[in-house]
Amino acid sequence: MRMAPSPSGPLHIGHSRMAILNDEYVKRYGGDLILRLEDTNPSNIDINAYDMIPEDLEWLNVNVTKKVIQSSRMDLYYKEAKNMISRGFMYVIEEDQKTFHDLKLKKIAVKCRDLDPEIHLERFEKLLEGKYEEGKAAAVMKTDLNHPNPSVRDWIAFRLNYKKHPLTGDKYILYPTMNFSVSVDDHYLGLTHVIRGIDHLVNTEKQKYVFKYNNWKIPEYFHYGFINIPGTVLKTTVMNNGIKSGEYSGWDDVRLGTIRALKKRGYKPETFRKYWIYSGMNKSNATFSWEIFNSINRELIDYNTMRYFFVPEPEKFNIKNNKELKSHALLHPQRPELGYREYNLNKNACIYFPGKEFEKLQDNEIIRLKDLCVVTKNNSSLNYLSEDTDKKIKIIQWVPENSNDIKIYYPDGSIDTGKLEPLAYNKNDVVQLERYGYVNLNKNEAYFLHK
RNA sequence: GCUCCGAUGGUGUAGCACGGCCAAGCAUUCCGGCCUUUCGAGCCGAUGACUCGGGUUCAAAUCCCGGUCGGAGCACCA
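Residues numbered from 1 in each chain as written. Chains lettered and ligands numbered in written order. Predicted model: local features only at pLDDT ≥ 70, side-chain atom pairs only at ≥ 80, totals over all residues. Heavy atoms only, no water.

With that settled, the discussion passes to the environment of A4. Mapped onto the fold, A4 is located in the loop between strand 1 (2-3) and helix 1 (13-29). The exposure class of A4 is buried, given its relative accessible area of 18%. A sequence separation of 59 residues divides A4 from N63, and the C-alpha atoms of the two residues are 14 Å apart. Filtering out sequence-adjacent residues up to four positions away, A4 remains in contact with M18, R36 and E38. (Helix = DSSP H or I, 4+ residues; strand = E, 2+ residues; numbered from the N terminus. Buried < 20%, exposed > 50% of the residue type's maximum accessible area, 1.4 Å probe, protein only. Contact = heavy atoms within 4.5 Å.)

What follows is the structure, encoded as structure tokens:
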């Protein structure tokens, strides 16, 4: 099995599907999982991606057994190309891009298509030596000019690019297109099974020509459908531009759909795995379900997340108690052995209470400050009533006066501000803010995870 | 336009290769209830789907034909 991203940025949630599906097959049936970085287009490479991609995979617990970088295999591609030219399966055109394309649309062969292989070999050398301008010549795979899909007709196997390559510099100028390098690599790396998206359906058809001409064994292909991932930014160029312009704080900005952003928000690697295994390899397109994804994650983290109080839009109230109070809230309702969060409140203590909740209360309504006492609303104040009651009343969270301000960053770009109870401050952990949601605390700020 | 794919509740899937056990299972969301000093967890309940039309057959979600809708590809990107 293999996975073959181009090193143009870090992995995002869409890539994680390919990675995990491949990894899962290797786990079940054995074999190698090859990470192949496809960097044969110098115009589309981010040098940092060579490191970021393996990091992301490691975090996802994807077990890569072998790593290959295509730009270090150029000699192999050249060798195979010459071999195929000499046998008449590939040729070199001296037409420019548009001319060649127009001819193909009309199913017309270029004049030189069937010239002696020797001539094409000479031309190929000229390509390597840089005797042509970019876009004015290319090596072409001979297929079928009558193929109903114009892109399958005599597709381009090598093209010139004089741009400096981040890894190989100006050592090479002639680069194979994906369809050629993929075919050669899939064969020599011994691929038996290929899992990839349906966007490659036509590429598979193109690549099969290379296999057939060389009598190579064609791998088994599986194509899965597109996943539309709503509400998140995934396009590498958009992310990249946003980072450069300062709009995003980096590749791990919580508004992005990268693996590192999701990690920062507090998702578990296992969540990705469970989700993608559960989704299977349906060929039909689907919408990514954050609901299900979050539900999986919630189930994984709930047992190990401590509970704390957070008060959004805090309003300060003097609860006018005439005695000292002590709060005793469990760190985890199912795990009393973990202990309590306790705060001592003096007589006439002040607390913070959520502004929105206060507005919703009826006058004289009795409510419970969770794990503290019972109060009643009178006009614009909250007044102490008793320590406990048997009645079923609303239970609302609060925080003591010495609580700290905190900002909670949402993936949609919004920010919630409020007061976080002192015991949670400066923690670096995923916690559940009771009646609010799960967040990943990072000292004096937090990233919203999910409800 | 051409070529190729696909279509099961709000969402995601199971079932389709070998028609009957499917008056369609599971998960999630929403709604209702129980429990609980969280709107979390847990428990119970409810609503909700085979794209349409033909055909084959004793019998079709499953096979065949056609329509509709959706998607992908039509690059010297991957």
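Its side-chain oxygen at 3.1 Å from the backbone nitrogen of K98, D96 defines the N-terminal cap of helix 4 (residues 97-105). A positive phi of about 60 degrees marks K107, the residue just after helix 4. (Polar contact = N/O pair within 3.5 Å; in protein donor to acceptor, adjacent residues only side chain to side chain.)

Turning next to the sheet that holds strand 4 (residues 90-93). As summarised here, the arrangement of the 4 strands in space is 4-5-6-7, forming an open sheet in which the pairing is antiparallel. Either end of the sheet is taken by a strand with one partner, and the two such strands are strand 4 and strand 7 (174-176). For this sheet the average axis-to-axis angle between neighbouring strands, irrespective of direction, equals 25 degrees. In this structure, strand 4 lies alongside strand 5 (residues 138-141), joined through 4 bridges in antiparallel fashion. (Pairing = 2+ DSSP bridges. Axes fitted to C-alpha atoms, helices over the stretch in contact; angles between N-to-C directions.)

On to the protein's contact with RNA strand B, then. Near RNA strand B, the surroundings consist of 54 residues, among which R159, Y278, N285, E291 and R435 are the closest. Near the protein, meaning within 4 Å, the atoms of RNA strand B are sugar or phosphate in a fraction of 65%, with bases accounting for the rest. In this structure, T40 approaches RNA strand B through a side-chain N or O atom, which is 3.1 Å from a phosphate oxygen. Within the side chain of N41, one N or O atom sits 3.0 Å away from a sugar or linking oxygen of RNA strand B. (Near = heavy atom within 4 Å.)

Let us now look at the sheet that holds strand 20 (residues 381-386). Pairing within the open sheet is mixed, and its 4 strands lie in the order 20-19-18-21. The strands lining the two open edges of the sheet, one partner per strand, are strand 20 and strand 21 (394-396). Here the average twist between neighbouring strands, direction ignored, is 40 degrees. The pairing of strand 19 (residues 373-378) with strand 20 spans 5 bridges and is classified as antiparallel. By the bridge assignment, N378 is partnered in strand 20 with S381.

Here we come to the pattern of salt bridges. Under the defined criterion, the tally for this structure stands at 35 salt bridges. The salt bridge partner of E421 is R341, with a shortest N-O separation of 3.1 Å. Linking E421 in the loop between strand 24 (415-420) and strand 25 (428-433) with R341 in strand 16 (residues 340-345), this pair joins segments that are 80 residues apart in sequence. Judged by relative accessible area, E421 falls into the buried class, the value being 1%. Judged by its relative accessible area of 1%, R341 is buried. Each of R2, R36, E38, R73, D185 and D186 takes part in salt bridges that share partners, so that together they form one network. (Salt bridge = Lys/Arg side-chain N within 4 Å of Asp/Glu carboxyl O.)

Inspection of every chain in the model, using the stated rule, returns 29 aromatic pairs. Centre to centre, the rings of Y188 and W216 are 5.6 Å apart; their planes meet at 75 degrees, and the pair counts as edge-to-face. Residue Y188 is located in helix 6 (residues 178-188), and its partner W216 is located in the loop between helix 7 (201-214) and strand 9 (220-224); the two are separated by 28 residues in the primary sequence. We classify W216 as buried; its relative accessible area is 12%. Here the aromatic rings of W290 and F293 are separated by 5.7 Å at their centres, their planes lie at 85 degrees, and the arrangement is edge-to-face. Highlighted residues: W290 and F293, both in helix 11 (residues 290-301), separated by 3 residues, approximately one helical turn. With respect to class, W290 is no different from F293; both count as buried. By way of ring pairs, the aromatic residues W59, Y267, F272, Y275, W276, F288, W290 and F293 are connected into one cluster. Seen from the ring of Y209, K212 lies directly overhead, with NZ or CZ sitting 5.3 Å from the centre. Over the ring of F358 we find K377; its NZ or CZ atom is 4.7 Å from the centre of that ring. (Phe/Tyr/Trp six-rings, centres within 6.5 Å; stacked < 30°, edge-to-face > 60°. Lys NZ or Arg CZ within 6 Å of the ring centre and 35° of its normal.)

By themselves, these figures tell us nothing about what the structure is for.
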